[in-house]
Amino acid sequence: MADCIRVPLILSICVLFCVHPIRGYAPFNGARGGSNVDNSQNQAGGLGVAAANAGPADRSPVVGASPPRRRSASWKLAEEPVCRDDLTRLCPKHSWTNNLAVLECLQDKKEETEIAADCNHLLWNYKLNLTTDSKFETVAVEVCKTTISEIKECAAEQRGKGYLVSCLVDHRGNISEYQCNQYITKMTSIVFSDYRLICGFMDKCRDDINTLHCGSISTGEKDIHSQGEVIACLEKGLVREAEEEQPRNLTIKDECKKAIMRVAELSSDDFHLDRYLYFACRDDRDRFCDDTPAGEGRVYKCLFNHKFEEAMSERCREALTTRQKLIAQDYKVSYSLAKACKSDLRKYRCSVDTNMPRAREARLSYLLLCLESAVHRGRTVSGECQGEMMDYRRMLMEDFSLSPEIVLHCRGEIETHCSGLHRKGRTLHCLMRVGRGDMGAVDNLCQKALQTLIQEADPGADYRIDRALNEACESVIQTACKHIRNGDPMILSCLMEHLYTEKMVEDCEHRLLELQYFIARDWKLDPILYKKCQGDASRLCHAHGWNQTSEMMPPGTIFSCLYRHAYRSSEQGRRLSRDCKVEVQRILHQRALDVKLDPELQRRCMTDLGKWCSEKTEAGQELECLQDHLEDLVLDCRGVVANLTELESEDIQIEALLMRACDPVIQSHCHEVADNQIDTGDLMECLVQNKHQKEMNDKCAVGVTHFQLIQIKEFRFSYKFKIACKEDVLKLCPNIKKKVDVVICLSTTVRNDTLQDVKEQRVSVKCRKQLRVEELEMSEDIRLEPELYDSCKQDINKLCQNVAFGNAQVIECLKENKQKLSQRCHQRVFKLQEVEMMDPELDYQLMRVCKHMIRRFCTEAEGKNVLQCLKQNKNSELMDPKCKQMITKRQITQNTDYRLNPVLRKSCKADIPKFCQGILSKATGDSELEGQVISCLKLKYADQRLSPDCEDQIRVILQESALDYRLDPQLQLHCTQEISRLCPEEAAAQEQTGQVEECLKVNLLKIKQEACKKEVLNMLKESKADIFVDPVLHTACALDIKHHCAAIPPGRGRQMSCLMEALQDKRVRLQPECKKRLQDRIDMWSYAAKVAPAEGFSDLANQVLTSPSKNYILAMIGLGVSVLFLMGLLCGRITKRVTQELKDR
């Protein structure tokens, strides 16, 4: 073997494929006997007589060879006694005349069939001599004349030492001559039957064979079959070394490593040349690949595709895995891949160092990354090469063990969580699940190895690469994504869109999320996103090339940069292209489905997720939980959650789960807004406005309300509000972050400016407009007003525990139970009512219940006058009963305190402190006066002492309360028991026609409670001032007023005096009912005068002036004064005389 020093490794071991008929060449083995022996003999360029039948004696002596014997030129192996029995038993008779056919038959015998040791030794010497015989070289020169001239390396070889044949075998892939190719193929099968025949291999790997105990190097100690095991042992040692951080055994020398890889490379086209794999997989080849023609690595690929079939033998599977691991270390070990991608590798400079088989450029991962980068950049890569890449990317995803980094760094995770799941990519997906954090923590190196493998395999470009995902999601793809071309990258996006829907199956859901977790950590792994955004990423985010990474950039950095630019306004600077923004939005919509799909969020919020949200396991709950605990989060996490929430406020479609739940409402009421590609908060505003439509389901309502609750935490979470009021907030409300505080600050400013009638409002028009929207939204749910909600929590649990939030129902419940509220809650509710009465549009229940009535009666009324308009039309026949009931509630509320009636407050602002100061001095700022001020003003109205504007407002209140006793708080407060005792039927009727008041008046003598009696007497007193205050009397005397008092203006008791005069005038005939009611009123007033004498001179004068007999009384008073005057004169004269007489004395 010493004379083979210069030859660069003649051939490799038989790695993975079967012997196959090569055009006209029929192989001979124990299982497949051929009949074309002579034909093949002739096709080999005359190899048979001169060379094939040459005997051992014609060769140079070799160690271990038989003693030289002279043989004739027609020497036959079949004639040797030591092989005759084996030949007769194993080989067809027609092959005996051709030494190569006999050699092929015996060396390819089945493993369980043994041949005699002497015959085995004779065959080995024969093959050894063949490789160096000058006759073979002569035949090669004749058969391969053209080829030798084309291959410069072979033309320069020294003749006569076997170098030429070795060179031709080494370059057999470049041989185009048919006869030359057949001849070299025969020589290859001879050489590859034993590693010791491979020129130079023994010298380079002798020490490693001994070190690794891979077998004997002495002739005769191993049979033919075991020789393949020696190289297989070396290959396993090479693979094991790559998978160990610190190899337990001594490392294989570099020159032997190169020899092993070179042998594997040279045997890559024909699996028959890998002797160990050939014998391990012979039956499996018959079982799975019987119809696959040999050559060009086809049998290898066929066996790879069936590697995880149940029927595949374990020994063959192991041999195939070793071969695949060698391919992972050097892509040239795959004949089909190296051939298909040769030009593309050269074109894109993917294999720079061709002299180092195990250099970085030779690794399969480097080749895949380099060519995938070209594809993603839009460069042309041949279809044949892409097909080969697809096969090997799928291979990497199916078997984690082909990635030495995974084996090295994830060993602990595999043993702990993923043992027994080796087949069909299940182990890799199990590791992905561990990497997601679903099964505990994962080592950083393991995480990095997984991320690298996903980038190498690039399953995002074609889901079919991931076999586990493909099988799990096949049914979903066939139903939900059938409109998308098979293999299209949009399949994964389609699957994400159907995540957590009824079309999704559980197994597919798990596999999809496991893969998406890693794709989400590298924006380049989404091919559509990369295609549309690579320019923007390079321009705005300093992104590297597809196959380049930077340790300085954490996962998700580039995408975070992209989405920040996606939602910038033109004033804020550079923005993304439209196509890129669409893709960024698509990814954001997908990531909202699972918090783990957002790398930055998970990285910064891992601690908070465990602390606050460990029990939130449903889809989308984790992010909602983080938003709910925003104030409690650590600073880094709070910033990420706040930014994401701010982003959602601009484009709520990011919340994919919410969009699915709200689809019926969107389709019915918000489809125009939803179809707008550039959302600016309009969709959420539309959903809020239609929150109580019949199409709204519970899931959507809960989601919308949750978003509203999150928005109150910071004003920037409301996109439209932020855009409209940003400058106003900075100017008027600096250092305020909470939205509710900002709203209060701005609305207070607007109200103060309005009350002070300033020429120019400090809050801009656009901000005032949006402020109105925010105020209306906040009025719908008490939880959107945190101060009110916190103050009333206990009261809500006590008094309104069965009332649902939303539709302002809880607020309405608190109003109805106002007397039972705690002091703190009572004060907050009073303040709320004060605001609502000033601006009825903020009264959500009123606006909701009376929505249609407002459209009917108050279309021209300003917002602040809506309630006033409704009150004026309250008794219309067209008024809706529910709205009428709601108006009455608001009237009752207004009459409890003048501060809740803005119109009255403004009209009587001078009268109230003038006449009712005693009541005001006793009042507290946030509690109702229970109608005391209004009762005070009523009395002054009866005394006709109010200003005209105030008198008009009190008249209205008197008229309204005369029809419904509930509108008189003092009467209701003091007479509730008496009404229940004396007037139960009238109270139950609730006809609002003054029947309860009339009942109390009629039963005045039966009233026991003095406070109630006083209130009834006050009613009588008030009715004397204006007949409209007495609805029963007014109704009875309506015709008489029209006939006899039409010219008399109402008010100040004028019409009442007119009727009294008509009653006393015998010439006037009043209606019987009117006459009876008037007589009853006179009796009541008489009784009232006795029971309630005047409290002072002014009260007495007022009673006289308002008395129906005031003329008579005034005449009597005048007569009396005249009599007194005359008596005074007379008495004065008498006293004057007496005084004079006294003086005279």
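As a reminder, the structure under discussion sits directly above these lines.
Bear in mind the structure is a predicted one, so any value in this text is a computation, not a measurement.

**Focus on the overall build of the protein**
- Along the protein, the regular secondary structure elements total 62 helices and zero strands.
- Residues classed as buried in the protein amount to 54% of the 1145 residues present.
- Here the contacts in the protein between residues at least 6 apart in sequence split such that 66% fall between residues at least 24 apart.
- Total accessible area on the protein stands at roughly 53,200 Å², and carbon and sulfur atoms take up 50% of it.

**As for helix α15 (residues 298-305)**
- Counted residue by residue, α15 has six buried out of eight residues, so it is predominantly covered.
- Taken as a whole, α15 has its buried residues at Val299, Tyr300, Lys301, Cys302, Leu303 and Phe304.

**Some thoughts on a nonpolar patch on the surface**
- A grouping of Met1116, Leu1119, Val1123, Leu1124 and Met1127 is seen on the molecular surface, where their side chains present a nonpolar patch of about 480 Å² in accessible area.
- Here Met1116 lies in helix α62 (residues 1110-1144).
- Owing to a relative accessible area of 39%, Met1116 belongs among the partly exposed residues under this scheme.

**Examining helix α53 (residues 969-982)**
- The terminal C-alpha atoms of α53, which comprises 14 residues, lie 19 Å apart, in line with the 20 Å expected from a rise of 1.5 Å per residue.
- For α53, every residue scored as buried is listed here: Pro969, Gln970, Leu971, Cys975, Glu978, Ile979 and Leu982.
- Those residues of α53 hidden inside the fold are in contact with α47 (881-896), α51 (932-942), α54 (984-989), α55 (995-1002) and α56 (1010-1025).

**Concerning the side chain of Gln516**
- Relative to the helices and strands, Gln516 resides in helix α27 (residues 506-519).
- A residue is classified by how much of its surface remains accessible, and Gln516, at 9% relative accessible area, is buried.
- If sequence neighbours within four positions are ignored, Gln516 has contacts with Leu492, Met496 and Leu597.

**With respect to the nonpolar core**
- Among the nonpolar cores identified, the biggest contains 150 residues, and Leu364, Leu495, Trp523, Leu562 and Val584 are the most heavily contacted of them.
- For Trp523, the contacting residues outside a window of four places in its chain are Leu529, Tyr530, Cys533, Gln534, Ala537, Ala543, Ile558, Phe559 and Leu562.
- Listed in part, the 34 residues of the second largest apolar core include Leu1000, Leu1033, Ala1062 and Leu1078.

**Considering the packing of helix α32 (residues 621-628) against helix α33 (residues 635-650)**
- α33 packs onto α32 with a crossing angle of 110 degrees between their chain directions and a minimal axis gap of 10 Å. By the angle class used here, α32 and α33 are roughly perpendicular. Counting all contacts with α32, which are made through Leu623, Leu626 and Gln627, the residues of α33 involved are Cys637, Val641, Leu644, Thr645 and Glu648.
- Its residues placed into classes, the contact of α32 with α33 shows five nonpolar, two polar and one charged.

**Re the state of the cysteines**
- What the rule picks out here adds up to 28 disulfides.
- With its sulfur 2.2 Å from that of its partner, Cys916 forms a disulfide with Cys936. With the S-S bond torsion at -100 degrees, the cross-link from Cys916 to Cys936 turns out left-handed. Separated by 20 residues along the polypeptide, Cys916 in the loop between α49 (911-915) and α50 (917-922) and Cys936 in helix α51 bring together distant segments of the chain. We note that Cys916, like Cys936, is buried.

**Digging into the pattern of salt bridges**
- What the rule picks out here adds up to 62 salt bridges.
- Ionic pairing is found between Arg317 and Glu314, a salt bridge with its closest N-O pair at 2.7 Å. Residue Arg317 and its partner Glu314 are both found in helix α16 (residues 314-329); the two are separated by three residues, about one turn of the helix.
- A residue is classified by how much of its surface remains accessible, and Arg317, at 4% relative accessible area, is buried.
- A relative accessible area of 52% places Glu314 in the exposed class.

**Some details on unusual backbone geometry**
- The phi angle at Arg349 is positive, at roughly 55 degrees, despite the residue not being glycine.
- As for its position among the elements, Arg349 is in the loop between α18 (342-347) and α19 (364-376).
- Within the chain, Asn735 stands out as a residue other than glycine whose phi angle is a positive 70 degrees.

**Side note on the environment of Glu646**
- Residue position: Glu646 is located in helix α33.
- Taking the C-alpha atoms as reference, Glu646 lies 8.7 Å from Gln711; in sequence the two are 65 residues apart.
- Not counting chain neighbours up to four residues away, the residues in contact with Glu646 comprise Arg716, Phe717 and Lys722.

**Details of the packing of helix α26 (residues 490-497) against α27**
- Between α26 and α27, the least distance of the axes is 11 Å, while the angle of their chain directions is 120 degrees. It follows from the interaxial angle that α26 and α27 lie oblique. The two elements α26 and α27 cross, and the hand of that crossing is left-handed. Between α26 and α27, the residues in contact are Leu492, Leu495 and Met496 and Cys508, Leu512, Leu515, Gln516 and Ile519, respectively.

Thresholds applied
Residues numbered from 1 in each chain as written. Predicted model: local features only at pLDDT ≥ 70, side-chain atom pairs only at ≥ 80, totals over all residues. Heavy atoms only, no water. Helix = DSSP H or I, 4+ residues; strand = E, 2+ residues; numbered from the N terminus. Buried < 20%, exposed > 50% of the residue type's maximum accessible area, 1.4 Å probe, protein only. Contact = heavy atoms within 4.5 Å. Areas by Shrake-Rupley, 256 points an atom, 1.4 Å probe, with all protein chains shown as cover. Patch = residues over 30% accessible without salt bridge, like charges linked within 9 Å, V, L, I, M, F, W, Y side chains within 5 Å. Salt bridge = Lys/Arg side-chain N within 4 Å of Asp/Glu carboxyl O. Expected span 1.5 Å × (residues − 1). Core = buried A, V, L, I, M, F, W, Y, C linked by side-chain atoms within 4.5 Å. Axes fitted to C-alpha atoms, helices over the stretch in contact; angles between N-to-C directions. Parallel < 35°, antiparallel > 145°, perpendicular 65-115°, else oblique. Nonpolar A, V, L, I, M, F, W, Y, C, P; charged D, E, K, R; others polar. Disulfide = S-S within 2.5 Å. Left-handed = near helix turned anticlockwise from the far one by under 90°.

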